[in-house]
Amino acid sequence: MAKLFGKNKEQMNTKESNLETRYKNSIGNLLVVVIFSVVNIGLLLAGTDTYFLFSAFIPYFMVDYGKVMCGMYPEEFYSDLPMEEFLDSSFLIVMVSIAAVIIIAYLVCWIFAKKKKVAALFVSLVLFVADTLLMLYMVGFSADIIIDIIFHIWVIVYLITAISTYYKGTGLEEILKKWGKL
C-alpha cells in the first residue's frame, strides 16, 4: 500500500485524495475550536454577553470564574451568592493565563496534526473529551447547553475521524513496519 502523506496530488488516486481531504477537514475543526475559544474569552473580558459555540468550555469557565471571584460583574449578579469579599485582580490574571495555556495546547496539537503527527490528535482528543466531561459535570445536562453538547460531540467525532483517516492513509503495514512489528 502506498504511503498517503508522502505523495503529491498528481500521484494520489481518488481514494487517497479523498482521505487527504477528510483528514484536513477533520483537523480543521480543531483550529476552529482554538479560534472561537480565543474570541469567546476576549468577548468575556470585554464585558459582552456574546458567546460563540464550537469552543472549549474549560478555558472559558476559568476566565468567567476569575471574573466572578474578583467581583467584576454588576452588583445584582452577586445578590444570590454569599460573597462578602472579592479576590484581587491577580486571580483573574492567573485564570486567564491557565486558560491561555490550555488553548495554546490545542493550537500546538493542531500544528502537529497538520504535520501528520497522529499523537497530537490523540492528545487533543483526550483534552476535548475531558473538556466535555467537565462541562457536563459542572453545568449538568440541561436544555440550555444542548447545542454546546452537540458541538462538543461534533468535534470529538471529527478528531476520531482524523485519527481513523490517518491510519487508513498510512496503511497498517507501514505503521507496523515502523514499529518493527512486521
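What comes next is a walk through the structure. (Residues numbered from 1 in each chain as written. Predicted model: local features only at pLDDT ≥ 70, side-chain atom pairs only at ≥ 80, totals over all residues. Heavy atoms only, no water.)

## Quick notes on the overall build of the protein chain
Point 1. A count of helical and extended segments in the protein chain gives six helices and zero strands.
Point 2. Walking the protein chain from its N terminus toward its C terminus, one meets helices and strands in the order α-α-α-α-α-α.
Point 3. Within the protein chain, buried positions represent 36% of all 182 residues.
Point 4. Partitioning the contacts of the protein chain with sequence separation of at least 6, the portion at a separation of at least 24 is 58%.
Point 5. Of the accessible surface of the protein chain, which amounts to about 10,800 Å², a share of 66% is contributed by carbon and sulfur atoms. (Helix = DSSP H or I, 4+ residues; strand = E, 2+ residues; numbered from the N terminus. Buried < 20%, exposed > 50% of the residue type's maximum accessible area, 1.4 Å probe, protein only. Contact = heavy atoms within 4.5 Å. Areas by Shrake-Rupley, 256 points an atom, 1.4 Å probe, with all protein chains shown as cover.)

## Regarding the nonpolar core
Point 1. One finds Tyr23, Ile27, Leu121, Phe128 and Leu159 to be the most contacted residues of the largest nonpolar core, which totals 33 residues.
Point 2. Every element with two or more residues in this core is listed here: helix 1 (14–46), helix 2 (57–69), helix 3 (90–114), helix 4 (118–139) and helix 5 (146–170).
Point 3. When near neighbours in sequence (up to four residues on either side) are disregarded, Leu121 contacts Tyr23, Ile27, Ala113, Leu159, Ala162 and Ile163.
Point 4. Core analysis: the next-biggest nonpolar cluster, separate from the first, contains seven residues, Ile58, Met135, Ile145 and Ile149 among them. (Core = buried A, V, L, I, M, F, W, Y, C linked by side-chain atoms within 4.5 Å.)

## Topic: helix 2
Point 1. For helix 2, spanning 13 residues, the distance from its first C-alpha to its last is 18 Å, which sits close to the expected 18 Å at 1.5 Å a residue.
Point 2. Most of helix 2 is tucked away, with ten of its 13 residues classed as buried.
Point 3. Every buried residue belonging to helix 2 is among Phe57, Ile58, Pro59, Tyr60, Met62, Val63, Gly66, Lys67, Val68 and Met69, and all of these are buried.
Point 4. Among the structural elements, helix 1, helix 3, helix 4 and helix 5 are those in contact with the buried residues of helix 2. (Expected span 1.5 Å × (residues − 1).)

## Looking at the side chain of Ser26
Point 1. Take Ser26: it is sitting in helix 1.
Point 2. On the accessibility criterion, Ser26 (1% relative accessible area) is buried.
Point 3. With residues up to four places along the chain from it excluded, the contact list for Ser26 reads Tyr158, Thr161 and Ala162.

## Overview of the packing of aromatic side chains
Point 1. Summed over all chains, the structure comprises 14 aromatic pairs.
Point 2. Seen in terms of ring centroids, Phe61 and Tyr65 are 6.2 Å apart; in terms of plane orientation they differ by 15 degrees. Their pairing is stacked. A residue pair is termed a helical-turn pair when its members lie 3 or 4 positions apart in one helix, as Phe61 and Tyr65 do in helix 2 at four residues.
Point 3. Exposure remark for Tyr65: the relative accessible area of 36% places this residue in the partly exposed category.
Point 4. The interplanar angle of 40 degrees and the centroid separation of 5.3 Å between the aromatic rings of Trp154 and Tyr158 together place this pair among those described as tilted. One end of the pair is Trp154 and the other is Tyr158, both in helix 5 and four residues apart, which spans about a single turn. (Phe/Tyr/Trp six-rings, centres within 6.5 Å; stacked < 30°, edge-to-face > 60°.)

## Brief notes about the packing of helix 2 against helix 3
Point 1. Following both chains from N to C, one finds helix 2 and helix 3 inclined at 175 degrees, their axes separated by 8 Å at the closest point. With respect to each other, helix 2 and helix 3 are oriented roughly antiparallel. Facing helix 2, whose interface residues are Ile58, Pro59, Met62, Val63, Tyr65, Gly66, Lys67 and Met69, helix 3 presents Phe91, Leu92, Met95, Val96, Ile98, Ala99, Ile102 and Ile103.
Point 2. Class assignment for the residues of the contact of helix 2 with helix 3 results in 14 nonpolar, one polar and one charged. (Axes fitted to C-alpha atoms, helices over the stretch in contact; angles between N-to-C directions. Parallel < 35°, antiparallel > 145°, perpendicular 65-115°, else oblique. Nonpolar A, V, L, I, M, F, W, Y, C, P; charged D, E, K, R; others polar.)

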